[in-house]
Amino acid sequence: YQKILFGHPEGRHALEYLKARGVDEATARKYMLGYAPQTGSGLLSLAKKENFSVSDALRLGLVGQRGPQQFDEKVFARVMFPIVNPAGKVVGFGGRVMNQGMPKYLNSSETPLFHKGATLYGLYQAKEGIRQADRVVVVEGYLDAIALAQYGVAYSVATLGTALTVDHVRALSRYTKNIIALFDGDEAGLKAAARSFEIFIEAGVFGRAAFLPKGEDPDTFVRANGKAALEAV
C-alpha cells in the first residue's frame, strides 16, 4: 500500500488528497500511510509470491471469499492507515474514502491479532512522546491524531471508531496516569464525555476531559491555532 501511494501513478491522487488535508510526506511515512487502488493492490498475487497462505489473509480480513477458490481484495479506492501495536507490528488496517462515499472508514474486522476495543491508533508512534510529556490525549479519528502529532503534540492517540473502553484506558495507564480525552464542544461531545468518566472509574484511573470550541475538531483546531492553543485547551 505504501509503494502504491508513494511510487505508483494510481497513488498520486491519494497523495494529493493527503496534502489537501494538510498531511506532509514525512508524517505520512512515519504513520506508514498507503493507498488501495480501485483496480486492486495486487495483494493476492503478492501473498502467493511470498508463500503466505490465502486462508490466513482471509482470517485477517484482508481478502474476501466468493467461491471455493475465488478470493478478492476487500478494500478498494481508500487511503490505508496501518494499525500498529505497541511493539511496532501491523495488526490491522483502516481504509478511508477520499470522497463522500460511505462508510467513510472501513476497519479490519476483529481477528486473533486485532481487537478494536483494546487497540489505539498511533500508540506506537506516540509512546516516547507520552513518556516525555507524562500525558496522553485521546481523540476519535486517525487524521486527528496525525494532525496533532504533525503540529508537535507528540502524545496523541485515537480510538478506532469506537468509544473509549476500559481496555484502552488500562493500555494507556502503562505509559502515564494523565489521560485526557479530547471532545468536540457540542452535545454529542458532552454525552461522550459523560460516558467516558464511567470507563475511567472502572479502570481505576482519574480521567480528564477537554472540550474544543463548538464547530471545531482536533484536526481543524490545531491547524488553525497551533500547538500552544491546543495545549491551553
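One can find the structure itself at the top, above this paragraph.
It should be emphasised that the depicted structure is a prediction, and the values quoted were computed from it without experimental measurement.

Draft legend 1. Just the packing of helix H7 (residues 142-150) against helix H10 (residues 218-232), in detail. Taken N-terminus to C-terminus, the directions of H7 and H10 make an angle of 30°; their axes are 9 Å apart at the nearest point. Classified by the angle between their axes, H7 and H10 sit roughly parallel to one another. Our pair here, H7 against H10, has a crossing hand that is right-handed. Contacts from Leu143, Asp144, Ala147, Leu148 and Gln150 in H7 reach Pro218, Asp219, Val222, Arg223 and Leu230 in H10. Looking at the contact of H7 with H10 residue by residue, the classes come out as 6 nonpolar, 1 polar and 3 charged.

Draft legend 2. Fine view of the pairing of strand S2 (residues 63-67). Sheet topology places S2 next to strand S3 (residues 70-73); 4 bridges connect them, and they run antiparallel. What sits directly across from Gly67, in S3, is Gln70. Between the end of S2 and the start of S3, which pair antiparallel, lie 2 residues.

Draft legend 3. Fine view of the environment of Tyr155. Mapping Tyr155 onto the fold places it in the loop between H7 and strand S8 (156-158). On the accessibility criterion, Tyr155 (7% relative accessible area) is buried. Residues Tyr155 and Ala229 lie 74 residues apart in sequence; the distance between their C-alpha atoms is 16 Å. Among all residues touching Tyr155, those that are not within four sequence positions of it are Ala126, Gly129, Ile130, Ala133, Arg135, Val136, Val137 and Glu231. Among the polar contacts made by the side chain of Tyr155, one reaches the side chain of Glu231 at a distance of 2.6 Å.

Draft legend 4. Structural detail: the sheet that holds strand S1 (residues 34-36). The 4 strands lie next to each other as S1-S4-S5-S6, forming an open sheet whose pairing is antiparallel. Each having just a single partner strand, S1 and strand S6 (105-107) make up the two edges of the open sheet. Put simply, the sheet's adjacent strands are angled 35° from each other on average, direction ignored. Inspection of the sheet shows strand S5 (residues 90-96) paired to S6 by 3 bridges, in the antiparallel sense. Following the sheet pairing, Gly95 is matched in S6 by Leu106. Helix H2 (residues 12-20) rests against S1, strand S4 (78-84) and S5 of the sheet, and its axis sits at about 70° to S4.

Draft legend 5. How the structure looks around the sheet that holds strand S9 (residues 179-183). Taken in spatial order, the 4 strands make up an open sheet running S8-S7-S9-S10, and their pairing is parallel. The strands lining the two open edges of the sheet, one partner per strand, are S8 and strand S10 (208-211). Adjacent strand axes in the sheet meet at a mean angle of 30° when their direction is disregarded. Sheet topology places strand S7 (residues 136-139) next to S9; 3 bridges connect them, and they run parallel. Looking at S9, one finds that Val137 is bridged to Ile180. Sitting on the sheet, H7 is in contact with S7 and S8, with an inclination near 175° to S8.

Calculation notes
- Residues numbered from 1 in each chain as written.
- Predicted model: local features only at pLDDT ≥ 70, side-chain atom pairs only at ≥ 80, totals over all residues.
- Heavy atoms only, no water.
- Axes fitted to C-alpha atoms, helices over the stretch in contact; angles between N-to-C directions.
- Helix = DSSP H or I, 4+ residues; strand = E, 2+ residues; numbered from the N terminus.
- Parallel < 35°, antiparallel > 145°, perpendicular 65-115°, else oblique.
- Left-handed = near helix turned anticlockwise from the far one by under 90°.
- Contact = heavy atoms within 4.5 Å.
- Nonpolar A, V, L, I, M, F, W, Y, C, P; charged D, E, K, R; others polar.
- Pairing = 2+ DSSP bridges.
- Buried < 20%, exposed > 50% of the residue type's maximum accessible area, 1.4 Å probe, protein only.
- Polar contact = N/O pair within 3.5 Å; in protein donor to acceptor, adjacent residues only side chain to side chain.

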